Each structure stands twice: as C-alpha cells, then as structure tokens.
Amino acid sequence: MDKSSLPFYQYSINSRAFLERARSQFDVFITEDSVDSFFNAALQLRFGIEARLTEYIHAAMRADAQEVRSIPEYTGTKLLKRLVSVDEDSLTGTIVRVTPVEGGATIELRFTPVTPRLAAIHGMLGELLHYKFFENNPQWEYKMPLTNKEKRTLKDFQALLAEGISQLEVATSGDLLNNPKFKHLVSEVIDEIEREDA
C-alpha cells in the first residue's frame with residue numbers, strides 16, 4: 001500500500017519508539033560520522049525522556065483517581081518533580097512476582113524509574129538543540145574531544161548521548177508504568193482483621 005495515500009502519519013510517540021530512533025541515529029553517527037544523525041539522536045533521546053516521564057505521570061494520576069490532563073512542564077527535572085508530587089514512590093524501582101496458587105511459571109513485573117540523572121540529561125541535551133551551540137563551540141566540528149571544557153566538540157557530547165540512551169533503556173525496560181499501591185491494600189486488610197477481632 002502506498003503510504004502517501006494514508007490519511008494519517010505513521011509515527012509512534014511512545015518512549016520506547018523514541019529510544020529506538022535515538023539508538024539507531026546514534027549508531028549511524030558512530031559508524032558514519034553523520035552530524036545529522038548526531039543531532040537527530042539528541043532530539044529523539046530528549047523526546048524519549050520527556051515521553052517516559054509523561055507516561056509515568058499519567059499512570060500515577062490514573063492510579064490516584066486523578067483526572068489525566070495536559071502537563072505544562074516539559075523539562076526533565078520539572079517533570080520528575082511533578083511525578084514525585086503525584087507518586088512519592090516513583091523514584092523507587094519495584095519487582096512484583098506473581099506465582100499461581102496451583103503451580104506454574106512465576107510472572108515478574110518491574111517498575112523501572114526515571115532517575116534524577118536521566119532527568120538532568122534531558123536538560124543537558126537542550127544545549128545541543130539550539131543554534132547558539134555552534135556559536136558557543138566554534139570547534140564543534142573537530143573529530144576529537146577537547147580538553148577545554150568551555151569550548152566543546154560533538155565528540156565531547158558523545159558520552160552524554162551514550163549515557164542518556166543507556167539510562168533510557170533501563171527506564172523503559174519495565175512492564176509497569178507506576179509502583180503498585182500495596183500500602184493501601186495492606187492497610188485495608190489490617191483494618192478488616194482488627195474489626196473482626198474487636
């Protein structure tokens with residue numbers, strides 16, 4: 001089928017799709033020295049971090065019976081702060097194992113948080129995505145890192161992209177979009193037991 005005849009663009013906007021595009025573009029930069037791919041990787045990674053935080057915020061709102069609404073923040077650190085305000089456990093990774101009573105395979109579900117470092121990387125990537133980057137770093141095109149940290153090249157930012165991709169891989173590796181709310185369930189069970197004992 002001719003894609004140009006479709007009424008909608010085909011473009012996935014979930015965090016894992018952005019991660020895959022960032023990883024793919026970063027690999028092209030590494031193998032082919034493609035500057036276009038470097039900046040595309042930075043943009044896709046930034047989108048991916050923002051998307052994952054937004055996915056977590058929306059899931060936390062639903063779990064807390066809040067209306068899911070548009071989030072005005074877009075910087076990683078502010079989004080993370082918003083997430084923590086909705087779900088205080090959002091910085092803690094969790095593994096839930098479910099074993100059927102009658103035997104069978106145990107199912108393992110994980111919540112893998114966005115770390116404060118990954119949220120900070122989101123902001124650092126912003127420096128790459130403005131024209132001012134070229135004016136601030138006139139040696140940007142050198143194919144080597146510089147020892148002067150005030151003037152940098154793309155190679156100086158290569159490690160930042162690699163770290164961001166690695167951290168987003170971890171943050172998107174879990175199956176759960178928020179920490180299960182067992183505290184509430186446990187307190188209900190304890191209250192029920194105490195009422196029965198009284």
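Another aspect to go through is the packing of helix H2 (residues 35–63) against helix H6 (residues 154–171). Here H2 crosses H6 at 35 degrees, and the two axes come no closer than 10 Å. Helix-helix and strand crossings are classified by hand; for H2 and H6 the assignment is left-handed. Listed contacts from H6 to Val35, Phe38, Phe39, Ala41, Ala42, Leu45, Gly48, Ile49, Arg52 and Tyr56 of H2 are Leu154, Phe157, Gln158, Leu161, Gly164, Ile165, Leu168 and Ala171. For the contact of H2 with H6, the residue count by class is 14 nonpolar, three polar and one charged.

Throughout the structure, instances matching the rule amount to twelve aromatic pairs. For the pair Phe39 and Phe133, a centre-to-centre distance of 6.1 Å together with 75 degrees between the ring planes defines the contact as edge-to-face. One end of the pair, Phe39, is in helix H2; the other, Phe133, is in helix H5 (residues 132–136), with 94 residues separating them in the sequence. Taken individually, Phe39 and Phe133 each receive the classification buried, so the pair is uniform in this respect. Chaining the aromatic ring pairs together yields one cluster made of Phe26, Phe29, Phe38, Phe39, Tyr131, Phe133, Phe134, Trp140 and Phe157.

What follows is about helix H1 (residues 15–32). Helix length check: H1 (18 residues) gives 25 Å between terminal C-alpha atoms against 26 Å at 1.5 Å per residue, within 8%. Taken together, the buried positions of H1 are occupied by Ser15, Ala17, Phe18, Leu19, Ala22, Phe26 and Phe29. The secondary structure elements touched by the buried residues of H1 are H2 and H6. Of the residues that open H1, the one with a side-chain oxygen 3.0 Å from the backbone nitrogen of Arg16 is Asn14.

To continue, consider the side chain of Arg46. With respect to the secondary-structure elements, Arg46 resides in helix H2. Within the buried core, Arg46 has no salt-bridge partner, and the shortest N-O distance to an opposite charge, that of Glu50, equals 5.3 Å. If we skip the residues at most four places from it in the chain, Arg46 touches His122, Gly123, Leu125, Gly126 and Leu129.

Moving on: the confidence of the model for the protein chain. Scored by pLDDT, the protein chain has a mean of 88; 91% of the residues are at 70 or more. Averaged pLDDT values over the elements of the protein chain bottom out at 60 in helix H7 (residues 182–197) and peak at 98 in H1.

Grouped together as the largest cluster of nonpolar side chains are 37 residues, with contacts concentrated most on Phe38, Ile49, Leu125, Leu128 and Leu161. Contributions of two or more residues to this core are made by H1, H2, helix H3 (76–86), helix H4 (116–126) and H6. Among the elements that take part in this core, H2 stands out by supplying eleven residues, more than any other. Look past the residues within four positions of Phe38 in its chain and what remains in contact with it is Phe29, Leu128, Leu154, Phe157, Gln158 and Leu161.

Now for the environment of Leu161. Note on placement: Leu161 falls in helix H6. For the pair formed by Leu161 and Ala41, sequence separation is 120 residues and the distance between their alpha carbons is 7.7 Å. Setting aside residues up to four positions removed in sequence, Leu161 forms contacts with Phe26, Phe38, Ala41, Ala42, Leu45, Leu125 and Leu128.

Quick look at the packing of H2 against H3 now. It is at 9 Å that the axes of H2 and H3 come closest, and there the two elements cross at 15 degrees. With respect to H3, the element H2 is oriented roughly parallel. When you trace H2 past H3, the crossing you get is left-handed. Where H2 abuts H3, its residues Glu50, Leu53, Thr54, Tyr56, Ile57, Ala60 and Met61 lie against Gly76, Leu79, Leu80, Arg82, Leu83 and Val86. Class assignment for the residues of the contact of H2 with H3 results in nine nonpolar, two polar and two charged.

Per the stated rule, a full pass over the model turns up nine salt bridges. Two residues, Arg23 and Glu169, come together in a salt bridge whose shortest N-O distance is 2.8 Å. Placement of Arg23 in helix H1 and of Glu169 in helix H6 is noted, with a sequence separation of 146 residues between them. The class of Arg23 is partly exposed, set by a relative accessible area of 25%. Residue Arg152 is joined to Glu127 by a salt bridge in which the shortest nitrogen-to-oxygen separation is 2.6 Å. Remark: Glu127 occurs in the loop between H4 and H5 and Arg152 occurs in the loop between H5 and H6; sequence separation between them is 25 residues. Linked by salt bridges that have partners in common, Glu20, Arg23 and Glu169 make up one network.

Rules of the game
Residues numbered from 1 in each chain as written. Predicted model: local features only at pLDDT ≥ 70, side-chain atom pairs only at ≥ 80, totals over all residues. Heavy atoms only, no water. Axes fitted to C-alpha atoms, helices over the stretch in contact; angles between N-to-C directions. Helix = DSSP H or I, 4+ residues; strand = E, 2+ residues; numbered from the N terminus. Left-handed = near helix turned anticlockwise from the far one by under 90°. Contact = heavy atoms within 4.5 Å. Nonpolar A, V, L, I, M, F, W, Y, C, P; charged D, E, K, R; others polar. Phe/Tyr/Trp six-rings, centres within 6.5 Å; stacked < 30°, edge-to-face > 60°. Buried < 20%, exposed > 50% of the residue type's maximum accessible area, 1.4 Å probe, protein only. Expected span 1.5 Å × (residues − 1). Polar contact = N/O pair within 3.5 Å; in protein donor to acceptor, adjacent residues only side chain to side chain. Lys, Arg positive; Asp, Glu negative; His and termini not counted. Salt bridge = Lys/Arg side-chain N within 4 Å of Asp/Glu carboxyl O. pLDDT = per-residue confidence, 0-100. Core = buried A, V, L, I, M, F, W, Y, C linked by side-chain atoms within 4.5 Å. Parallel < 35°, antiparallel > 145°, perpendicular 65-115°, else oblique.

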